[in-house]
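Residues per chain are reported as follows:
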Amino acid sequence: MRRFALGTAVLIALALPAGAVRYAVLAGNSAGGAGLDQLRYVNNDLTELRDVLLAFGGFEPKNITTLYNRTPSELARTLAGLSSSVSGANDDLVLFYYSGHADPRSLRMGSDRFALADLRATLDSMPARIRIAVLDACRSEGFTRAKGGKLDEPFLFKEDSKVSGTVVLYSSSSTENSQESDRYKNSIFTFHFINALRGCADMSQDGKITVNEAYQYSYGRTISSTVHSADGVQHPGYNFRIQGEGDIVLADLNLRTQGIMFGKGIGGGVSILDSAGALVADFVKENGSAFVVAVNPGGYRVVNSGGTGRSAASVLVTDRKIVEVRPADLVAVAVAGSTSKGERRPGFCLSVGLLGGGGHADLSSLSASMEQEFSDYAYFGMHPRFSMPANFLRFGGAVEVNPFGNLVLLWIGDGFHTEGSARYHGSRVNSVDGVAYGYELTTRHDASFVTLGTGPGFRVTRGPLRGLTIWAGICDIWIDIRVSSTFTDSLYSVSNSKSIRGGGTVTMPYLGLSYRYQVFPRVYVGAQAFYRYSRQAARLSDTPGYKVQLRGVNAALTVGVDVIKRWKHVEPEESEQ
Amino acid sequence: MRHSTRLLVRIVAVLSAAMLVRCAMPMIADAGGGPPHVLLPRTPSILPLGVGNQWRYSYTSYDSSGAAHPSTEDLNITISGVYGRLDDSMLVRLSDDNFTPADSDTYQEFVYEYAQEGYNQGDLVTYRDAPGDVRGLYVVGSFTGASTALFDTARLWLAYAADPGASYYYTADTATSARITVLSVRDTFFCPYGQTQGASPMHMYECYLYEDVLADTSTYYYYNDEVGMVGYLQYVSGIRRVSCMLMDFEQSWW
């Protein structure tokens, strides 16, 4: 594990010396060019970080430049202009922040790129005493819209970087994705980094958030937020090369004008939501310490997930006031529809499977149709039977598409076959000569049934019944029937054969229940049962004399592969009742 | 082919009795185009009469011990032409060119050529059911090529409709007469021909059963009023010598 250790020397807070000026360039780009998803929350990252820097970071508005969806040339011009403004003599500090896609050699700004070597050179050339780069960018794929491209070496600055007086914080390690969160509405790393500056990282409780504290807080929270992510755990890292001893103060909470204090006795997870329900801060608090989180004036909902359950309180923060939340202020709330932290929920999924099992269908109407056709042979004392089993084996396949959530679309096909043959002998006394003559009838029949069903299903995605699906839809059953027979008449010395092939299609509704269990991330096994219903026997279109009733139950075991499978990372959501 | 020829001779003999009476009013197909002969007359009876009707039989002969001849043969019977009878001696051969349904009243009756396919000779038959007639199929003469010869008296061949037990003599020539008896009007016969789409190789018909006795030869004919003759058995001195079964029947006009 890579932990941040800025040094064992005594850390001297580099507060905000007189005359020092803090400059920031906050850049971001939602697009990364062909093959990369559009990022959703880059603008949020830039805006919220700017607010925090203005509130607690000692930055003046005129010294913060925000570049959203701009070109590399605009970024280069901005950095060049900044170089001319910065002074090393005044202990100036430069913060460069980037949120967007990247690859091993460049920041990907839309369809253009900004070379990391150029960025490094530009930062190195700035005369500022302290240069801080915070880069939230990495590979990108999937619903979480992770950032960046495929990396074949550690991201951004290498360990042998010669940058002097520069601290680089980056959001993920060499082969990892940096991820966005729909719940945070920020990049995960940036969300925790901003929270750190709000005060969540003030482990020393001195009111100052140092780079060390901000990094350690962001590191731990980013890992815990992504530990169950389908994109993998995201490990932030750093590159530190600064001469002298000391630490760098990124935010001074003593500058804050208002906030929420969490007193002793409140421990566990704490979420702060604004009046619109948006998550403002989310952190874990030690029970034995007091804690202040700086927020803007307004109404907030504080939710505490402690060891005894979940409780919440409403807080109104006014200008230049610190509002304290005490344990007594928290009221227990019920939780509905919540998910465990970091739970993966399936996103779009295309599955292909095989099935095999048994079924039951009353084919007596079809047998009766055939037997009716041969009923005249009773004249010779023969009673042909076309028996067909009511229970049969069935094999087939299924394609499932789970576009989102609980909805599943199913295409299922299976089939079964039955056949039989018989030989009958009869005799009859010829009325004109009084002699008994023999007759023989042989029959052979085979019938094939192919079912193609389609319809939607509702799948349980959570809880003990997870994987259970209820289906309803329509199925078409294609029926192919062949019947052949030969009759031999010894009185007339005639033998005659005939064969027919016919069939038709029967459409009927079905109801189904299935269960699937994921034995591997992309492999599942399961079981299913379907009931097909028809009120009466259908007359086959190609052979009008034949009727068939296929009402019955099918059951099968299934095994399949998720050919395309995407997951979405779901953070817990509180719902108070 | 020797057996087929012998059968034809037999059929011709059966057809040679005649009695002249009015024939049944013909059924006329609708005008307005269609297959050939669509306008020519047709007459339903125990033998459906219409130009183009064609029967194919499987014919088997047996020796005096009753053993079947090792091979069977096909026998084809056809109605090759139709005539309009103007008076007792005048026949007009009808064709699509000289006949329309409106001409039906011009003729006393319609007479049909009935012969083995490929042979240029056969009998002239007609159906009569006028009051005073014994209803049935009559042989009124013969034809050879384009020439026809009418008998002085039409000879009753197949009484229809008739009651079981009805009996009469059919005179094939001046020397011999066969005694024909209606044994049954609802007998059962199975043969391969059938219009159904089903899988059964044989189809059941309800038939008139005629017994034809001439000296030591007894022949039993099965006739269905929609199909005609579906088969027959012939015995000589009580030994089965011929069996014949309908395999296919084509009606060109419906």
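Everything discussed here concerns the structure shown above.
Calculation criteria
- Residues numbered from 1 in each chain as written.
- Chains lettered and ligands numbered in written order.
- Predicted model: local features only at pLDDT ≥ 70, side-chain atom pairs only at ≥ 80, totals over all residues.
- Heavy atoms only, no water.
- Axes fitted to C-alpha atoms, helices over the stretch in contact; angles between N-to-C directions.
- Helix = DSSP H or I, 4+ residues; strand = E, 2+ residues; numbered from the N terminus.
- Parallel < 35°, antiparallel > 145°, perpendicular 65-115°, else oblique.
- Left-handed = near helix turned anticlockwise from the far one by under 90°.
- Contact = heavy atoms within 4.5 Å.
- Nonpolar A, V, L, I, M, F, W, Y, C, P; charged D, E, K, R; others polar.
- Expected span 1.5 Å × (residues − 1).
- Buried < 20%, exposed > 50% of the residue type's maximum accessible area, 1.4 Å probe, protein only.
- Pairing = 2+ DSSP bridges.
- Core = buried A, V, L, I, M, F, W, Y, C linked by side-chain atoms within 4.5 Å.
- Salt bridge = Lys/Arg side-chain N within 4 Å of Asp/Glu carboxyl O.

Asks: Describe the packing of helix α1 (residues 42–56) of chain A against helix α4 (residues 188–200) of chain A, and please don't skip the residues or the numbers.
Replies: Residue and element names in this part refer to chain A. Relative orientation of the contacting elements α1 and α4 amounts to 15°, with a least axis distance of 10 Å. As summarised for this structure, α1 and α4 are arranged roughly parallel, according to the angle between their axes. In the crossing of α1 with α4, the sense of the turn from one axis to the other is left-handed. Contacts between α1 and α4 pair D45, E48, L49, V52, L53 and F56 from the former with T190, F193, I194, L197 and R198 from the latter. Among the residues making up the contact of α1 with α4, the classes are represented as seven nonpolar, one polar and three charged.

Asks: Run through α4 of chain A, naming residues and quoting values.
Replies: Look at α4 of chain A: only 15 Å from first C-alpha to last across 13 residues, short of the 18 Å you get at 1.5 Å a residue. Taken across its 13 residues, α4 of chain A has 13 buried, putting it largely inside the fold.

Asks: With reference to specific residues and values, describe the pairing of strand β14 (residues 259–262) of chain A.
Replies: For a regular strand, side-chain orientation follows a simple rule: the groups alternate between the two sheet faces. Residue and element names in this part refer to chain A. In this structure, β14 lies alongside strand β17 (residues 291–294), joined through four bridges in antiparallel fashion. Of the residues in β17, the one forming a bridge with G259 is A294. Of the strand pairs in this sheet, β14 and strand β20 (residues 322–325) are connected by four bridges, and their pairing is parallel. Within the sheet, the bridge partner assigned to M261 lies in β20 and is E324.

Asks: I'd like a description of the sheet that holds strand β18 (residues 298–306) of chain A, backed by residues and values.
Replies: All names here are of chain A. With antiparallel pairing, the five strands of this open sheet are ordered in space as β16-β15-β18-β19-β21. Edge positions in the open sheet fall to β16 (279–285) and β21 (331–332), since each of these has one partner strand only. Inspection of the sheet shows strand β15 (residues 268–274) paired to β18 by six bridges, in the antiparallel sense. What sits directly across from L273, in β18, is R301.

Asks: Tell me about the nonpolar core, and please be specific about residues and values.
Replies: Across soluble globular proteins, nonpolar side chains have a tendency to be buried as a group. Counting 114 residues, the largest nonpolar core has F449 of chain A together with W157 and Y210 of chain B as the members making the most contacts within it. Here the element with the most residues in this core is strand β26 (residues 468–489) of chain A; it accounts for seven residues.

Asks: So what's going on with the pattern of salt bridges? Residues and values would help.
Replies: Residue and element names in this part refer to chain A. Evaluated as defined, the whole model comprises 17 salt bridges over all chains. For the salt bridge of E400 with R516, the shortest nitrogen-to-oxygen distance reads 2.9 Å. Here the residue E400 occupies a position in strand β23 (residues 391–404), and R516 occupies one in strand β27 (residues 494–520), the gap between them amounting to 116 residues. The buried category is assigned to R516, whose relative accessible area is 11%. The partner of R444 in a salt bridge is E419, and the shortest N-O contact between them spans 3.7 Å. With R444 in strand β25 (residues 436–459) and E419 in strand β24 (residues 407–429), this residue pair connects regions lying 25 residues apart in the sequence. The exposure class of E419 is partly exposed, given its relative accessible area of 45%.

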